[in-house]
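Structural description and commentary
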Amino acid sequence: MAVSFQQIEEKLKTEARRLLESGQVSLVLAWGRGFDEKHPMPYVAKGASDVDGIVFNEFCTHNLARYLVRYPRGTKMAVAVKAADSRAVVQLIQEDKVKRHDLVILGIPVYGIKNPKTGEIIDGKTTCGLYNPVLYDILIAEEVHGQPVSSPYAVLAEYEAMDQDARFAFWKKELDRCIRCYACRKACPMCYCDPCFIDQNKPKWGEKSPETPGNLMYHLTRFHHLAGRCIDCGECSRACPVDIPLYLFHKKVAKECEEMFGQAAGMSIEDKPVLVNFRMEDSDKILE
Amino acid sequence: MSRIGVFVCHCGLNIAKTVRVSELAEFAATLPDVVVAKDYKFMCSTPGQEMIANDIREHRLDRVIVTACSPLMHEQTFRKVLAASGLNQYLLTIVNIREQVSWVTHNIDEGTSKAKALLNGAVNRSRLLMPLTSRVIDVNPDVMVVGAGIAGIQASLELANTGRKVYLVEKNSTIGGHMAQFDKTFPTLDCSACILTPKMDSVLQHKNIQLLTSCEVSEVKGFVGNFDITIRQKARYVDHDKCNACLACTEKCPGKSVSEWDEGLAKRKAIYIPFPQAVPQKPVIDREACTFFKKGKCRLCEKVCEQKAIDFEQQDTFSTVKVGAVIVATGYDLMDTRDLIQYGYGKYPGVYNALEVERLFNSAGPTGGKVILRDGKEPQAIAILHCIGSRDKNSYEHCSRVCCMYSLKFAHLFKEKTSADVYHFYIDIRAAGKGYEEFYNRIIEEDVKFIRGKGARVAKSADEPDRLMVEAEDTITGKFIRLPVDMVVLSPAMIPRSNAKDIARLFNLSTDKQGFFMERHPKLAPLSTMSEGVFIAGVCQSPKDIPDTVAQANGAAAEALTIVVKDKMELEATTVMVNPASCCACQNCVRVCPYGAPFFKEDKGVSEINEALCKGCGLCASVCPTGAIIARHFTNDQVLAEMEGLMEF
Ligand SMILES: Cc1cc2nc3c(=O)[nH]c(=O)nc-3n(C[C@H](O)[C@H](O)[C@H](O)COP(=O)(O)OP(=O)(O)OC[C@H]3O[C@@H](n4cnc5c(N)ncnc54)[C@H](O)[C@@H]3O)c2cc1C
Ligand code: SF4
Ligand code: SF4
Ligand code: SF4
Ligand code: SF4
Ligand code: SF4
């Protein structure tokens, strides 16, 4: 890698300081120190004095677009994003949750981010497999080229070989392990609903105890709510304490959606959210 | 605790044949809160309605369930019964056990069991229903008519004569539609222009009609009583307010194109009026053919125009019109017979389609009314092939209804204008209108030859290279026929306009298998559509002749009038609202609503609904991730209760 994590951290700090001092933004979303080197945390710098707390290393997996929707509409914010994270920003702009002109996007091209639990480099298996942000105002490092690129859907081959019954059995088994901590939902930039359907009591859409019926209800509905919106950052799966491969389902839905409507989530702010947008030329395959 | 009455209809044998109706009523009586359950032959009849009314009083019912046909048929009927008995009309539930049960199975066990499941769900939902109040809105008194063929012209005149303001929108530069292309009309053979042009002129003169030619509908908002329709005025490059119709420009213009009006058989200028009696009689410039637009030089028309009416800078303009009701009368196209290569249309110059032949007969047509072929000769033998593309599983299954009759008309006119032998190749002759069979008999006597067998192929004659050969099987003699002729006339299928899909989308109309606009009910509401306040007339609904088209146009005018004659109307109470506490501001509702009812309130950070626009379709409720949308009459609780009832069965 041409640029080191250290250099990225320095550049992030410089830009953050400049943006905060000039008053261009009122906060910068980045990463900060966690309880150890391996566990950095999302970090909000609200003034120049906070900037020194910013950290960037190989374990900065978090998708900070998650935190954009926490602040009142109209707040001027800078957000540090890796490739997939930038797609989340694009998707949020499409959904009008944030306005483009309220954001300064600090794009970080980077290869070599690792899953802190396994130490493996994160690639197209659990994320969208891009290494360069799709939208940014300031590029924090040179674009990454020449690294292994794989289709984000290649990992589905094994899963797609299963028949319907086997797939259901697979998911039932996986989802039965869910302890309903909702870390997946909390990590997801697209799960911004307050209240989430599953927390409601009238009507009660699903059981809240971690057992099969409620687990299926929660996850199948969540998968459905993320159809055409999940930008494949993989954070839900990394957040999961019991390692449920949620990314598989999300990728499968994303693939179907892309094949059917020719649009992947969060790639362009010109696009409209695909499942709530009607175009005359849309495929009718969904009706078959 | 509710007091529910269940009324099971037999619909004669329609339902009773595949649902054990008395068993269904007995089953209903066992369900909690059901205090009375009865079955009856025809629930919608007066005795049926009286029975319900009596039971409401006698058993002090507070909810009524009728298991019968589709609510589209009789929801209003039964709602009135409730209202007359002092119950809020929204406390009625209809369970459709006809279209959704008895008509989709032959098995009485299956039918009965599905009916029970539906009823079980309905009882669950019925308990949770709330009384609702209909909204009352102002009605715009004006009407829009889209398409100015004979259907649109007739409907506009009828409405305008009652004092209503009519906006008549026509995409072409003249009104008249297909009828204006004809010479004579069957069965009376009166001259088409003689009966049509006075009407076209009345349209132009009528103080209540605003004629919008070279216009198309580009957007429709609103709903019955209050449509907001955006019209695109296509650039004509001639200012019609200044033009005094001297037509000096059309003489000087060097630009040339084929005349659509003459079905491509003649040429016209780039600045032109389609035909001498066109209304309005003011020219337009065809950008594609205009020398100035193509080469940047010319402007001859501008030079000769004393009125300074030519305006090369003109752009399309958009304007919005408010109306209370709409009549769609966009007519038809003929099928493109080039796709049926066996008939050689487009390949052999001697093969014509029916509209081209109409132009040959027309004294204002390309040949001045003489029947002369493309090679300049008069035909000695003519074959008219019926049912080309119609009644044909490979193309269009429907019968185009008028082809037999106009083919007979053609035979008569050929006999009148030429000395040719005329042959009909037909499957059977359909002459079911008033005076039609008589007309057929008259043509038989005119020495026209009828060969019962559909034309199978048209080929070049092997012996006489400039003649054609028609091949067919004569189904009466069983013999295979090869007939040498000079001219072949194809009677192609009448099909929906190529842009019918766009119109359907704009006005929310359904289309049938062939693509014609669907009526609300084939027998009882033939001019209404599923889109309230939008009516259809003429061939855009199905193939028909001029008398039927005119009758429909008059009917549609009357239907539109029933809406705009009132200054207020009641709207369904079944609209939606947003619970702001649950709205996550995703704006899905704003994006999916086909009527533009939801809008996002930036200051509050939640979506709200403009209830005047909401039709209660429920789309928004289905895409709202947090269930923040409350659809009145279909609340989440009500729908879930119904589903539970269905599934526990
Ligand atoms: C060859 C032939 C001969 C016939 N001869 C006879 C006969 O002798 N006697 C008889 O009774 N019937 C005859 N008919 C049937 C007759 O043509 C129809 O019954 C009649 O023309 C139907 O009128 P209409 O107004 O519904 O449609 P059309 O005549 O098709 O008029 C529709 C109008 O709507 C306009 N339009 C279309 N789309 C739009 C849009 N999106 N926006 C705005 N305007 C639009 C069109 O430009 C057109 O002006 C014949 C038919 C054919 C094919
Ligand atoms: S569902 Fe998972 S992978 Fe998709 S955007 Fe949300 S956190 Fe990322
Ligand atoms: S699961 Fe659905 S309702 Fe819940 S937060 Fe995610 S998108 Fe919103
Ligand atoms: S993070 Fe894992 S355990 Fe927690 S709710 Fe999501 S899937 Fe279940
Ligand atoms: S769809 Fe539901 S949550 Fe989304 S904006 Fe509309 S009401 Fe709010
Ligand atoms: S129910 Fe919802 S989608 Fe349907 S018309 Fe009303 S607001 Fe629009």
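What you see is a predicted model; the values in this text were computed from it and never measured.

Looking at the overall build of chain A
Helices and strands together make up the secondary structure of chain A, namely eight helices and five strands. Seen in sequence order, chain A has helices and strands lined up from the N terminus as α-β-β-β-α-β-β-α-α-α-α-α-α. Relative to the compact-globule value of 19 Å for 288 residues, chain A shows a C-alpha radius of gyration of 19 Å, a close match. Each of the three principal axes of chain A carries a C-alpha extent, and together these read 55 × 45 × 45 Å. When the 288 residues of chain A are sorted by exposure, 53% land in the buried category. Across chain A, every contact between residues at least 6 apart in sequence was considered, and the portion connecting residues at least 24 apart equals 70%. Across chain A, 38 positive and 40 negative side-chain charges occur, with their mean positions spaced 5 Å apart.

Observations regarding the site of ligand 3
All residues in the neighbourhood of ligand 3 are listed as Arg185, Cys191, Cys193, Cys196, Phe197, Arg222 and His225 of chain A together with Pro625 of chain B. More than one chain lines the surroundings of ligand 3; the residues nearby belong to chains A and B. Residues of the shell around ligand 3, tallied by class, amount to five nonpolar, one polar and two charged.

Here we look at the site of ligand 1
Residues and elements named next belong to chain B. Inspection of the region around ligand 1 gives 36 residues, with Glu170, Tyr332, Lys409, Lys544 and Ile546 positioned closest. Within the backbone of Phe186, a nitrogen or oxygen atom sits 2.8 Å from an oxygen atom of ligand 1. Between Thr549 and ligand 1, the recorded distance is 3.4 Å, taken from a side-chain N or O atom to an oxygen atom. Within the complex, 99% of the 990 Å² of free accessible area of ligand 1 lies under protein. Those elements giving two or more residues to the shell around ligand 1 turn out to be helix H6 (150-161), strand E8 (184-185), strand E19 (332-334), helix H11 (354-361), helix H12 (403-417) and helix H15 (546-564). Here the shell around ligand 1 is built from residues that sort into 17 nonpolar, 11 polar and eight charged.

With respect to helix H1 (residues 5-21) of chain A
A rise of 1.5 Å per residue sets the reference length of H1 of chain A, with its 17 residues, at 24 Å; its end C-alpha atoms lie 24 Å apart and thus fit the reference within 8%. Taken together, the buried residues of H1 of chain A touch strand E1 (27-32), strand E2 (41-45), strand E3 (77-81), strand E4 (103-107) and strand E5 (138-139) of chain A.

What to know about the pattern of salt bridges
Scanning the model with the defined rule gives 62 salt bridges over all chains in all. Here Arg18 of chain A ties to Glu15 of chain A by a salt bridge, and the two come within 2.8 Å at their closest N and O atoms. With Arg18 of chain A and Glu15 of chain A both in helix H1 and three residues apart, the pair spans about one turn of that helix. Given a relative accessible area of 10%, Glu15 of chain A falls into the buried group. For Asp262 of chain B, the salt bridge identified is with Arg359 of chain B, shortest N-O distance 2.7 Å. Of this pair, Asp262 of chain B sits in the loop between strand E13 (256-258) and strand E14 (267-269) while Arg359 of chain B sits in helix H11, and the two are 97 residues apart along the sequence. One exposure class covers both Asp262 of chain B and Arg359 of chain B, and it is buried. Beyond isolated ion pairs, a larger network of salt bridges with shared partners links Arg73, Asp96 and Lys99 of chain A together with Glu602 of chain B.

With respect to the domain arrangement of chain A
Residue and element names in this part refer to chain A. One can read the domain layout of chain A as domain 1 (5-139) and domain 2 (154-287). Look at where the C-alpha atoms of domain 1 and domain 2 centre, and you get two points 24 Å apart. With 28 residues of domain 1 at the contact, the number on the domain 2 side is 32 residues. Between domain 1 and domain 2, roughly 2,400 Å² of surface is buried when both sides are summed, and carbon and sulfur atoms account for 55% of that area. Looking only at domain 1, the three residues that lose the most surface to domain 2 are Arg66, Arg87 and Gln94, adding up to 27% of its buried area. Taken together, the connections running from domain 1 to domain 2 amount to two salt bridges. Of the charged contacts in the structure, one is a salt bridge between Glu95 and Arg229, with a shortest N-O distance of 2.8 Å. For the pair domain 1 and domain 2, the interface holds 15 residue pairs in polar contact (both at pLDDT 80 or more).

Describing the nonpolar core
Generally speaking, a soluble globular protein has its nonpolar side chains buried in company with each other. Counting residues in hydrophobic clusters, the biggest one holds 82 residues, and the most contacted among them are Ile327, Phe410, Phe414 and Met487 of chain B. When residues of this core are assigned to their parent elements, the largest contribution, eight residues, is made by H12 of chain B. Counting 56 residues, the second-largest nonpolar core is a separate cluster that includes Val28, Leu106, Ile108 and Val110 of chain A.

Structural notes on a nonpolar patch on the surface
Together, Phe634, Val639, Met643, Leu646 and Met647 of chain B give the surface a local cluster of nonpolar side chains, amounting to about 440 Å² of exposed area. Looking at the secondary structure, you find Met647 of chain B in helix H18 (residues 636-647).

Some details on the packing of helix H6 (residues 212-225) of chain A against helix H8 (residues 246-261) of chain A
Residue and element names in this part refer to chain A. At a minimum axis separation of 10 Å, H6 and H8 run at an interaxial angle of 40°. With respect to H8, the element H6 is oriented oblique. When the axes of H6 and H8 are compared, the crossing they make is right-handed. For the pair H6 and H8, contact is made by His219, Leu220, Arg222 and Phe223 and by Leu246, Phe249 and His250, respectively.

Thoughts on the interface of chain B and chain A
Contacts between chain B and chain A engage 20 residues on the former and 20 residues on the latter. Buried surface at the junction of chain B and chain A, both sides included, amounts to about 1,600 Å², of which 55% is carbon and sulfur. With a shortest N-O distance of 3.5 Å, Glu602 of chain B and Lys99 of chain A are connected by a salt bridge. Looking at the side of chain B that touches chain A, its residues break down into 10 nonpolar, five polar and five charged.

A word on the pairing of strand E32 (residues 598-601) of chain B
Residue and element names in this part refer to chain B. Every second residue of E32 is oriented toward a common face, the buried set being Pro598 and Phe600 and the non-buried set Phe599 and Lys601. Sheet analysis places E32 next to strand E33 (residues 606-609), joined by four bridges and oriented antiparallel. Bridge pairing links Phe600 to Ser607 in E33. Connecting E32 to the next strand, E33, in antiparallel fashion are four residues, including Gly605 with a positive phi near 70°.

Let's talk about empty space enclosed by the protein
Residues and elements named next belong to chain A. As enumerated under the stated definition, the model contains nine cavities of 30 Å³ or more in all. In this model, the largest cavity occupies a volume close to 190 Å³. For the largest cavity, the lining is made up of 17 residues, of which Lys82, Ile113, Ile122, Thr127 and Leu130 are closest to its centre. No other element matches the three residues that helix H2 (residues 83-94) contributes to the lining of the largest cavity. Looking at the lining of the largest cavity, its residues break down into 10 nonpolar, four polar and three charged. Its volume calculated, the second largest cavity comes out at about 110 Å³. Lining the second largest cavity are 14 residues, with Cys230, Asp232, Cys233, Gly234 and Cys236 sitting closest to its centre. Those elements giving two or more residues to the lining of the second largest cavity turn out to be helix H7 (235-239) and H8.

Topic: the packing of aromatic side chains
Within this structure, the stated rule accounts for 22 aromatic pairs over all chains. On the numbers, 5.3 Å between centres and 65° between planes, the contact of Trp31 of chain A with Phe56 of chain A is edge-to-face. Remark: Phe56 of chain A occurs in the loop between E2 and E3 and Trp31 of chain A occurs in strand E1; sequence separation between them is 25 residues. With relative accessibility at 2%, the residue Phe56 of chain A sits in the buried group. Above the plane of the ring of Tyr272 of chain B lies Arg268 of chain B, whose end atom (NZ or CZ) is 3.7 Å from the centre. It is Arg374 of chain B that lies over the ring of Tyr352 of chain B; its NZ or CZ is 4.3 Å from the centre.

Criteria and cut-off values
- Residues numbered from 1 in each chain as written.
- Chains lettered and ligands numbered in written order.
- Predicted model: local features only at pLDDT ≥ 70, side-chain atom pairs only at ≥ 80, totals over all residues.
- Heavy atoms only, no water.
- Helix = DSSP H or I, 4+ residues; strand = E, 2+ residues; numbered from the N terminus.
- Rg over C-alpha atoms; globule rule 2.2 N^0.38 Å.
- Buried < 20%, exposed > 50% of the residue type's maximum accessible area, 1.4 Å probe, protein only.
- Contact = heavy atoms within 4.5 Å.
- Lys, Arg positive; Asp, Glu negative; His and termini not counted.
- Charge placed at Lys NZ, Arg CZ, Asp CG, Glu CD.
- Near = heavy atom within 4 Å.
- Nonpolar A, V, L, I, M, F, W, Y, C, P; charged D, E, K, R; others polar.
- Polar contact = N/O pair within 3.5 Å; in protein donor to acceptor, adjacent residues only side chain to side chain.
- Areas by Shrake-Rupley, 256 points an atom, 1.4 Å probe, with all protein chains shown as cover.
- Expected span 1.5 Å × (residues − 1).
- Salt bridge = Lys/Arg side-chain N within 4 Å of Asp/Glu carboxyl O.
- Domains from an automatic or database assignment.
- Buried area = accessible area lost by both parts, 1.4 Å probe.
- Core = buried A, V, L, I, M, F, W, Y, C linked by side-chain atoms within 4.5 Å.
- Patch = residues over 30% accessible without salt bridge, like charges linked within 9 Å, V, L, I, M, F, W, Y side chains within 5 Å.
- Axes fitted to C-alpha atoms, helices over the stretch in contact; angles between N-to-C directions.
- Parallel < 35°, antiparallel > 145°, perpendicular 65-115°, else oblique.
- Left-handed = near helix turned anticlockwise from the far one by under 90°.
- Pairing = 2+ DSSP bridges.
- 1 Å grid on protein atoms, 1.4 Å probe; cavity = no way out; pocket = protein on both sides within 12 Å on 5 of 7 lines; lining within 4 Å.
- Points joined across faces, edges and corners; volume = space filled by probe spheres on them.
- Phe/Tyr/Trp six-rings, centres within 6.5 Å; stacked < 30°, edge-to-face > 60°.
- Lys NZ or Arg CZ within 6 Å of the ring centre and 35° of its normal.

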